[in-house]
Amino acid sequence: MARIGIIGSAGRMGQALQAAVVAAGHDLAGGIDRDGDAAALAQASDVLVDFSAPAALEFNLDAAIHAGKPIVVGTTGLEERHHWLIDAAAVSIPVLQTGNTSLGVTLLAHLVQEAAARLGEDWDIEIVETHHRMKVDAPSGTALLLGEAAARGRQVGLKDVAVRGRDGITGQREAGTIGFAALRGGSVAGDHTVHFLADNERLSLSHMAENRGIFAKGAIRAADWLLAREPGRYTMPQVLGLGEERP
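Residues numbered from 1 in each chain as written. Predicted model: local features only at pLDDT ≥ 70, side-chain atom pairs only at ≥ 80, totals over all residues. Heavy atoms only, no water.

A. Quick peek at the side chain of Ser9. Counting through the fold element by element, Ser9 comes out in the loop between strand E1 (3-7) and helix H1 (12-23). If sequence neighbours within four positions are ignored, Ser9 has contacts with Gly14, Gln15, Gln18, Gly31, Ile32 and Asp33. (Helix = DSSP H or I, 4+ residues; strand = E, 2+ residues; numbered from the N terminus. Contact = heavy atoms within 4.5 Å.)

Below, the structure written as C-alpha cells:
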C-alpha cells in the first residue's frame, strides 16, 4: 500500500485519479490544485502523480526532488524545455513521463513502432485524434506519443518529419512525413487512429477511450511500479515490460 499524492486534483481527471487510488487499495495522501502546496504534499506522499499544467511542472518537479519522491508526469502540452527539466530531475529521483497513461495506448504505441519499422516509406503515416470540445492543446499528447513511436520505428526525429494543420494549396504529400489531424467536439474522452496507407492497401491501428478512468488506472499502476525504481527517466512501455523506449 502506497501513499499517493495527486497534483491537479480538482479537475475531472484529478477526481478519476482519486477514485483509482482507492480502487487499487492505496492511500490518498492528498490532492492539490492551482496555488496548492506541492512541497507539503510531496513530504506526505510516497509517490506523486501530476496531471496539472505545463506552467506548474518546474515547481512540481522541484517539490518531488526536495522530498526525494518519485513522480509520474501525465501533463500534456509539454515543450522542449519541459523535457530538459524532466531529464534534470531524473538525475535525482525516478520520473515517469508520458502523453498517455492508458495501458491500451501504451501497447498501441509499441505496435505502431513495429509497423513503422517494417513498412517502407511508400507507406504514408497519418495520425488522427478526436477529443472533447474543452481540450486546449493540439495535437494531443497521445497523438504526439504515437508520432514519436512511428518516427522511432523509421529511425528519424519526429520534428523533422511532422506535418500539422494542412490548409489551402499544400502541394503533393512529401514521402516520409508523418501527418497529424485533430478533431474537437462533444464529450469524446480520446480516440486515436494511426493510418498506414500504401497503394491499394491500408492498415489502421486504433484506440478508443470511453472515459477517463482508463487513464487514471494506468497512472496509478505506473506510480506503484515507479516506487521500486532507481533515479532515472522511465516510460509507460517499461511498466508493461516492453523495453527501454524513451519518449
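The structure having been displayed, the exposition proceeds.
B. Up close: the UniProt feature "active site" (unreviewed entry) in the protein. As recorded in UniProt, the feature "active site" (unreviewed entry) lies at His131 and Lys135. Lining of the largest pocket among the annotated residues: His131 and Lys135. Accessibility expressed as a relative area gives 6% for His131, which makes it buried. Each residue touching His131, except ones within four places of it in the same chain, is listed here: Ser140, Leu183, Arg184, Gly185, Val188, Ala189, Gly190 and His192. (UniProt positions renumbered as here; feature names shortened; annotations may be inferred. 1 Å grid on protein atoms, 1.4 Å probe; cavity = no way out; pocket = protein on both sides within 12 Å on 5 of 7 lines; lining within 4 Å. Buried < 20%, exposed > 50% of the residue type's maximum accessible area, 1.4 Å probe, protein only.)

C. Spotlight on helix H6 (residues 141-154). Look at H6: 20 Å from first C-alpha to last across 14 residues, which is about the 20 Å you get at 1.5 Å a residue. Among the 14 residues that make up H6, 10 are buried, leaving the element largely enclosed by the rest of the structure. Within H6, burial applies to Gly141, Thr142, Ala143, Leu146, Gly147, Ala149, Ala150, Ala151, Gly153 and Arg154. Of the residues one or two after H6, Gln155 is the one with positive phi, at around 60 degrees. (Expected span 1.5 Å × (residues − 1).)

D. The sheet that holds strand E2 (residues 27-32), seen in detail. An order of E2-E1-E3-E4-E5-E11 is seen for the six strands of this open sheet, with the pairing classed as parallel. Of all strands in the sheet, those bounded by a partner on one side alone are E2 and strand E11 (232-234). Here the average twist between neighbouring strands, direction ignored, is 20 degrees. Alignment of strand E5 (residues 94-97) against E11, held across three bridges, turns out to be parallel. Bridge pairing in E11 places Pro94 opposite Gly232. (Pairing = 2+ DSSP bridges. Axes fitted to C-alpha atoms, helices over the stretch in contact; angles between N-to-C directions.)

E. The nonpolar core, seen in detail. Counting residues in hydrophobic clusters, the biggest one holds 26 residues, and the most contacted among them are Ile4, Leu17, Val49, Val72, Leu96 and Ile220. Here the element with the most residues in this core is helix H8 (residues 213-226); it accounts for eight residues. With residues near it in sequence (within four places) discarded, Ile4 still touches Val21, His26, Asp27, Leu28, Ala29, Gly30, Ser45, Val47, Val49, Ile220 and Ala223. (Core = buried A, V, L, I, M, F, W, Y, C linked by side-chain atoms within 4.5 Å.)

F. Just the sheet that holds strand E7 (residues 162-164), in detail. The strand order across the open sheet built from five strands is E7-E8-E6-E9-E10, with neighbouring strands paired in mixed fashion. Every other strand in the sheet has two partners, leaving E7 and strand E10 (201-209) as the edge strands with one partner each. For this sheet, the mean angle separating the axes of adjacent strands, direction not counted, is 20 degrees. Judged from the seven bridges that link them, strand E6 (residues 124-131) and strand E8 (residues 178-184) form a sheet pairing that is parallel. In the sheet register, Glu129 faces E8, and the bridge partner there is Ala182.

G. Quick peek at the layout of surface pockets. In this structure, the largest pocket spans a volume of roughly 1200 Å³. Broken down by secondary-structure element, the contributors of at least two residues to the lining of the largest pocket are H1, helix H3 (57-67), H6 and strand E9 (190-198). Ranked by the residues each element gives to the lining of the largest pocket, the list is headed by H1, at three residues. Split by residue class, the lining of the largest pocket holds 13 nonpolar, 21 polar and seven charged. (Points joined across faces, edges and corners; volume = space filled by probe spheres on them. Nonpolar A, V, L, I, M, F, W, Y, C, P; charged D, E, K, R; others polar.)

H. Layout of unusual backbone geometry. A cis amide bond, omega -10 degrees, links Ala138 with the succeeding residue Pro139. Position of Pro139 among the secondary structure elements: in the loop between E6 and H6. Residue Asp35 is not a glycine yet carries a positive backbone phi of 70 degrees. As for its placement among the helices and strands, Asp35 is situated in the loop between E2 and helix H2 (38-44). Residue classification places Asp35 among the exposed positions, given a relative accessible area of 79%. Its identity as a non-glycine residue notwithstanding, Asn200 has a phi of 75 degrees, on the positive side. Within the element layout of this structure, Asn200 appears in the loop between E9 and E10.

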